[in-house]
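The chain contents come next:
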Protein chains: 2
Amino acid sequence: MNIEDLVYNAASWLSGEGDGDGMVVSCRARLARNLAGWAFAPKTTLEDQKKIIEQVLGAAQQCRPMCDAAFFHMNALQANQRQLLVERHLISPALAKSKGQRGVLFNADESLSVMINEEDHLRLQAILPGLQTHAAWQRVDALDDALRSELDWAQSERWGFLTACPTNTGTGLRISVLIHLPALVLTEDMERVMRGLTSMAFAVRGFYGEGTNVVGNLFQISNQATLGVTEGEIVEKLSEITQQIMGHEKEAQATLLADASAQVEDKVWRAYGILQHARVLSGQDFMNLLSAVRLGCSLGLIDGLPLGFINQLMIVTQSSHLQAEARANLSSADRDVRRAELVRRRWTEQRGLS
Amino acid sequence: MNIEDLVYNAASWLSGEGDGDGMVVSCRARLARNLAGWAFAPKTTLEDQKKIIEQVLGAAQQCRPMCDAAFFHMNALQANQRQLLVERHLISPALAKSKGQRGVLFNADESLSVMINEEDHLRLQAILPGLQTHAAWQRVDALDDALRSELDWAQSERWGFLTACPTNTGTGLRISVLIHLPALVLTEDMERVMRGLTSMAFAVRGFYGEGTNVVGNLFQISNQATLGVTEGEIVEKLSEITQQIMGHEKEAQATLLADASAQVEDKVWRAYGILQHARVLSGQDFMNLLSAVRLGCSLGLIDGLPLGFINQLMIVTQSSHLQAEARANLSSADRDVRRAELVRRRWTEQRGLS
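Conventions and cut-offs
- Every chain is numbered independently, its residues counted from 1 as its sequence is written.
- Chain A is the first chain written and ligand 1 is the first ligand written, with later ones labelled in order.
- Residues qualify for local features only when their pLDDT is at least 70, as the model is predicted, and side-chain atom pairs are given and counted only at 80 or more; totals for whole chains, interfaces and linings, by contrast, use all residues.
- In computing side-chain values, all of the structure's heavy atoms are included and hydrogens and water are not.
- Here the copies are superposed with least squares, the fitted atoms being C-alpha atoms of residues at a pLDDT of at least 70 in both.
- Residue contacts are defined here by distance: any two heavy atoms, one from each residue, within 4.5 Å place the two residues in contact.
- Helix axes are fitted only over the stretch in contact, all axes being lines through C-alpha atoms; the angle between N-to-C directions runs from 0 to 180 degrees.
- Numbering of helices and strands starts at the N terminus; helices are DSSP runs of H or I of at least 4 residues and strands are runs of E of at least 2.
- Any angle between 65 and 115 degrees counts as roughly perpendicular, while under 35 counts as roughly parallel, over 145 as roughly antiparallel, and the rest as oblique.
- Note on residue categories: nonpolar means Ala, Val, Leu, Ile, Met, Phe, Trp, Tyr, Cys or Pro, charged means Asp, Glu, Lys or Arg, and polar means any other residue, Gly included.
- Accessible-area loss on putting two parts together, using a 1.4 Å probe and summing over both, is the definition of buried area adopted here.
- The term salt bridge refers to a side-chain nitrogen of Lys or Arg lying within 4 Å of a carboxyl oxygen of Asp or Glu.
- A helix's residues, less one, multiplied by 1.5 Å, set its expected span.
- We define the bend at each residue as the angle formed by axes fitted to the 7 residues ending at it and the 7 residues starting at it.
- Each residue is placed in one exposure class: buried if its accessible area under a 1.4 Å probe, protein chains only, is under 20% of its type's maximum, exposed if it is over 50%, and partly exposed if it falls in between.

A. Inspection of the relation of the copies chain A and chain B at higher detail. For these two chains of identical sequence, chain A goes onto chain B by a turn of 180° and a shift of 0.0 Å along the axis, with RMSD 0.0 Å. Read as a symmetry element, the transformation amounts to a two-fold axis. Judged by C-alpha distance, A:G273 is the residue of chain A that lies nearest the rotation axis, at 2.1 Å. Residue by residue, 100% of the interface of chain A is reproduced at the interface of chain B, so both copies engage with the same surface.

The following block contains the structure:
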């Protein structure tokens, strides 16, 4: 498999399925796991790392959910190729930057992936469209079960699964939703919502997870606590919290429509017009315009534009995707021109379909 | 004739004819004339004004170019109706504001008009599309000849035609072009061009003439001197100057395309997208966006959008036109919503035609 070909694939979690209100793009469940008998990071030697990769790949071959999976060793990838995987949410920014023996394994529709030798020996991930927290947890749990039949996890009766960083110890589970909250941002209520989440031990992060910025009003909300609670409780709690936030966003949308409907509609429709006609689009400009269009879909102002199309556009317009498609390193100015071209082309194709 | 019906008419000078480069919207020739034997403004009494109107209307009835003309007495018009005539360039802002016995006479295609008791007893105007300075002069000259056979002009052998203000004495001729100079504004060369024009005794004014602002990069350029030169020389000189400025604008357009083609195309196409989709458009916002679209036509980037359509849109989106169509006084916010609605509706109709 040529990694650049990913550009032409739509990952299954972008389908827009289960996202009836146009708010929850996707949900993701990840498990931190380590192999018993090996040093944890940062004490793992290069030799250890190499053997861990071999063991994990061996186990994956025996494991039904990963039988069609592709493996990429980080050392075999160039900077743009690694970044492409970050943009697809298949690896973390930290893994892309790291040195040593590290890699990623992911299945054809990109719903399941395993980072090897990131912070932990294994990071298992399931990612699904919409607010399917329970299903995402079940997918990653099934992958965990399948791998566990071949591998021996480091765990203690008292603490549960052991991890390189104590914040992941216990269940090793982090579950998150990628949620679009434009009205809470516009009404300046997002700060209050974020304070509330933090006080309940939920984290609010940017588009690519920990340490990344919020772009296009997309927030990643995840549990902080992994210890002293069951996986079921974590999943249930996140689902509940997400529905509460969706309620707040709906209220904020109603307020906006009541107070300034013409201005909201104008913002939405100008963005719709600009995206179809612009010749230069910076990444940030694009994400803000797309956010306005997505808001228009949530509000029922724009009809017939599938959320799957919007989600896919959000992925393929990222810098490394543009460079992969061009098979060249592009200047920032060239990327902005190519981004606008791509958006116009895809939009025309989409219009042809609908 | 109901004055509000003008909203649904396109004045002939908006046709875009003769404006091959998309720069010169229209040209206008006006003659200041006064009747012999009556006091000039501001010494004309109300009684004088009344009799002057009667004389002029009597003469116009005998005069072929004005046989289908409509007459409106300013006192019979409400503020919005007067402003509607200003927006159509049929009367001056000064006439709209004035009190006393005053009026306007104009023919069906709005190419010929006569203001009665503005600064002078008569102000004859011919307005044609594109750079037809000579034809505009001929039209107003023919009207002058026709009226002169019925009326007695105040003139002296030494000074020529006598006027209320000495700046108009002599020929009484002011000839102007309405010209779109977006590239000279963008490259910040317009200041220099304006200084050059002033030094050659040409005036640069805004959209509605003397004392009005420049909107949407549209400038009105006219002669200052009316004395000591022949009408033919004035017409010739303005035509020549206009062609020079068009040359400067073309150079500035070429510079923009050479230095920042993507940015220029982006500006043009975003405006094109926004105008078709916006839900709120202030007058200034609209004129700036329309200027970008007109630039796109001049540059050959946008194809198939007739200049006549752009010109007509510029007229009907003005505040008094919107109010006349709505048959109501509208708040500024309501006008902005109606302006956006009108632009979308007209654009859809235009697409249906092309």
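B. Broad picture of the packing of helix α8 (residues 283-298) of chain A against helix α11 (residues 332-353) of chain A. Residues and elements named next belong to chain A. Where α8 meets α11, the axes come as close as 10 Å, and the angle between the chain directions of the two elements is 30°. For the element pair α8 / α11, the angle class is roughly parallel. Contact with α8, carried on its side by G283, F286 and V293, involves D336, R339, V343 and W347 of α11 and no other residues of that element. Tallied by class, the residues present in the contact of α8 with α11 amount to four nonpolar, one polar and two charged.

C. Examining the interface of chain A and chain B more closely. Of the residues lining the interface, 17 residues belong to chain A; the matching set on chain B comes to 17 residues. Between chain A and chain B lies a buried interface of about 1,400 Å² when both sides are counted; carbon and sulfur atoms form 61% of it. For chain A, the biggest contributors to the area lost against chain B are A:R270, A:H277 and A:R279; these three give 41% of the whole. Where chain A packs against chain B, one counts two salt bridges. Close ionic contact of A:D285 with B:R270 constitutes a salt bridge, the shortest N to O distance being 2.8 Å.

D. Up close: helix α7 (residues 231-277) of chain A. Over its 47 residues, α7(A) runs only 47 Å from end to end, short of the ideal 69 Å by more than 12%, given 1.5 Å per residue. Largest kink in α7(A): about 115°, centred on A:A260.

E. Up close: the pattern of salt bridges. Residues and elements named next belong to chain A. Applying the stated criterion across every chain, the model contains 30 salt bridges over all chains. Between E110 and R88 there is a salt bridge; the shortest N-O distance is 2.9 Å. Taken together, the residues E110 in the loop between β3 (103-106) and β4 (112-116) and R88 in the loop between α2 (79-87) and α3 (93-97) connect sequence positions 22 residues apart. Just as E110 is buried, R88 falls in that class too. For E118, the salt bridge identified is with R123, shortest N-O distance 3.6 Å.

F. Highlighting unusual backbone geometry. Note the cis peptide between A:A41 and A:P42, where omega equals 5°. Checked against the element boundaries, A:P42 lands in the loop between β1 (24-33) and α1 (46-61). The backbone phi angle of A:A201 is positive, close to 65°, even though this residue is not glycine. Position of A:A201 relative to the elements: it lies in the loop between α6 (190-199) and β9 (202-205). Look at B:N117: it is not a glycine, yet its phi comes out positive at around 60°. Of note, B:N117 is situated in the loop between β4 (112-116) and β5 (122-129). Relative accessible area serves as the criterion here: at 3%, B:N117 is assigned to the buried category.

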